Amino acid sequence: MRERTVWETEKLISEACGPDRTRKMVEIFDELSDTLCKVADLAEFVRIAHPQAAHSQAAEDACVSISGIVERLNTHQELYCALRAIVDGGDKFPMSSLDQHVAQLFLFDFEQSGIHLPETERKRVVALNDSILQVGQRFIAGAVSPRAIPRDSLPQNLRQFFSVDGDQVLVTGLYADSPNAMVREAAYRIYLHPDKHQEYLLSEMLSSRHELAQLCGFPTFSHRALKASTAETPDTVNQFLDIMTQRLHKRAAVDFDVMKKLKAATNTGSTEEDLAPWDTPYYTHKVKRDWLQVGSTEFSPYFSLGTCMEGLNILTNSLYNISLISDELAPGEVWAPDVYKLAGIRTSSFF
């Protein structure tokens, strides 16, 4: 799929930049975007979900390759000039107001990637985008990987709750659902312990993002990321967060007070003041369970796979006139019997 996408992309670029174009420019750009996204989205899913390392690695390679193509296209001068010409002077084929809006969006994608910059700086933008992508993926992978510590550094009465690999204890998460407070504390401190390599990756990514934003004419990366979004500016985001904080503060204080009292009631010698960070998820779940007086086994029949998929189908049909239909599987297309394939079928014209 990756190799075919590269070939199709080059063909569409030639069509957009050539003199013998037979359709609207926005149609070519839309097909170009779809060609890249349908592979990138599927590859990202396989990277995350596939149980076999070889398939997952191939999917990750495809993700990196497609992302590299996207960043290269975002600084493709000839393609930008072809689009700029139809935005400024109109296409040789009639354009609707929707076509014009789409063309403006594609043009913005170009310009926030520094297409207007001199060649040396454009190349730097491409290099920075590639670095941000790869460093970011390594950081995310490191953030969810198990933490290993010498077995002797953990009290013997806690070792039984974690996986042991030779002389090491592996902590795979926060163990937030464990009723044992010492287990939750140990997991929290170990799993979230500062990691110099992770800090290095994060620092490199933030530094590259800031340089990229300034090269493209933005004060910060936040300004670049939010441009043309619903929020539009970091100030708007900060205002929203400040308002939410103010309005939720009293409610959150009540919730924490309830959790403190519950901890004091269920733990001998505990006081209402010693609610720790590793306690919050556990007691949040416990309070909900105690208040609702219902377990997951009682409401899970209402959320069977079929029911959830039907609900999703109702949403996509109502919003986009797209129905999700069970599709026939090709040999070797899935890796487990409980993996299903759905086709998204447009039921009628959306507009």
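The annotation that UniProt attaches to the chain under Sequence similarities (unreviewed entry) is "Belongs to the peptidase M3 family."

A word on the pattern of salt bridges. Under the counting rule described, the total for this entry stands at 17 salt bridges. With its nearest N and O atoms 2.8 Å apart, the salt bridge here joins D279 to R184. Of this pair, D279 sits in the loop between α11 (234–266) and α12 (280–292) while R184 sits in helix α8 (residues 181–191), and the two are 95 residues apart along the sequence. Each of the two residues, D279 as well as R184, counts as buried. One salt bridge in this structure joins D290 and K286, with 3.9 Å as the shortest N-O distance. With a gap of four residues between them, D290 and K286 both fall in helix α12, about one helical turn apart. For D290, a relative accessible area of 31% translates into the label partly exposed. Several salt bridges share partner residues, and in doing so they unite E15, R23 and E31 into one network.

Looking now at helix α2 (residues 25–49). With 25 residues, α2 should reach 36 Å at 1.5 Å per residue; the first-to-last C-alpha distance of 36 Å fits that figure. Of all the residues in α2, the buried ones are M25, V26, I28, F29, L32, T35, L36, V39, A43 and V46.

The next thing to look at is the side chain of T9. Within the element layout of this structure, T9 appears in helix α1 (residues 2–17). By relative accessible area, T9 is classed as buried at 1%. T9 has contacts with L32, T35, L36, I69 and L73, leaving out every residue within four places of it along the chain.

Right, let's talk about the packing of α2 against helix α5 (residues 97–111) for a bit. The contact between α2 and α5 brings their axes to 10 Å, and the two run at 55 degrees. Viewed along their axes, α2 and α5 adopt a mutual orientation that is oblique. In the packing of α2 onto α5, the handedness of the crossing is left-handed. Here V26, F29, D30 and S33 of α2 lie close against α5, whose contacting residues are D99, A103, F106 and F110. In the contact of α2 with α5, the residues fall into five nonpolar, one polar and two charged.

Another point: the layout of surface pockets. Empty space among the atoms becomes visible once a probe the size of a water molecule is rolled across them. The computed volume of the largest pocket comes to approximately 720 Å³. Going through the elements one at a time, α2, α3 (53–73), α5 and α6 (119–143) are the ones with two or more residues in the lining of the largest pocket. Ranked by residues supplied to the lining of the largest pocket, first place goes to α2 with seven residues. Grouping the amino acids of the lining of the largest pocket by side-chain chemistry returns 14 nonpolar, seven polar and four charged.

Our focus in this paragraph is the packing of aromatic side chains. Inspection of every chain in the model, using the stated rule, returns seven aromatic pairs. Site record: aromatic cluster; members linked through ring pairs are F29, Y80, F106 and F110. Sitting over the ring of Y191, R147 keeps its end group 4.8 Å from the ring centre. The ring of Y282 carries the charged tip of R184 above its face, separated from the ring centre by 4.2 Å.

Below, the discussion takes up the nonpolar core. Counting 23 residues, the largest nonpolar core has M25, F29, L73, L79, L83 and F110 as its most contacted members. For this core, the secondary structure elements donating two or more residues are α1, α2, α3, α4 (77–89) and α5. When residues of this core are assigned to their parent elements, the largest contribution, seven residues, is made by α2. Setting aside chain neighbours within four positions, we find L83 in contact with M25, F29, A103, F106, L107 and F110. The next biggest cluster of nonpolar side chains, apart from the first, holds twelve residues, and it includes F139, M205, L212 and C216.

Reading the values: rules and limits
Residues numbered from 1 in each chain as written. Predicted model: local features only at pLDDT ≥ 70, side-chain atom pairs only at ≥ 80, totals over all residues. Heavy atoms only, no water. UniProt positions renumbered as here; feature names shortened; annotations may be inferred. Salt bridge = Lys/Arg side-chain N within 4 Å of Asp/Glu carboxyl O. Helix = DSSP H or I, 4+ residues; strand = E, 2+ residues; numbered from the N terminus. Buried < 20%, exposed > 50% of the residue type's maximum accessible area, 1.4 Å probe, protein only. Expected span 1.5 Å × (residues − 1). Contact = heavy atoms within 4.5 Å. Axes fitted to C-alpha atoms, helices over the stretch in contact; angles between N-to-C directions. Parallel < 35°, antiparallel > 145°, perpendicular 65-115°, else oblique. Left-handed = near helix turned anticlockwise from the far one by under 90°. Nonpolar A, V, L, I, M, F, W, Y, C, P; charged D, E, K, R; others polar. 1 Å grid on protein atoms, 1.4 Å probe; cavity = no way out; pocket = protein on both sides within 12 Å on 5 of 7 lines; lining within 4 Å. Points joined across faces, edges and corners; volume = space filled by probe spheres on them. Phe/Tyr/Trp six-rings, centres within 6.5 Å; stacked < 30°, edge-to-face > 60°. Lys NZ or Arg CZ within 6 Å of the ring centre and 35° of its normal. Core = buried A, V, L, I, M, F, W, Y, C linked by side-chain atoms within 4.5 Å.

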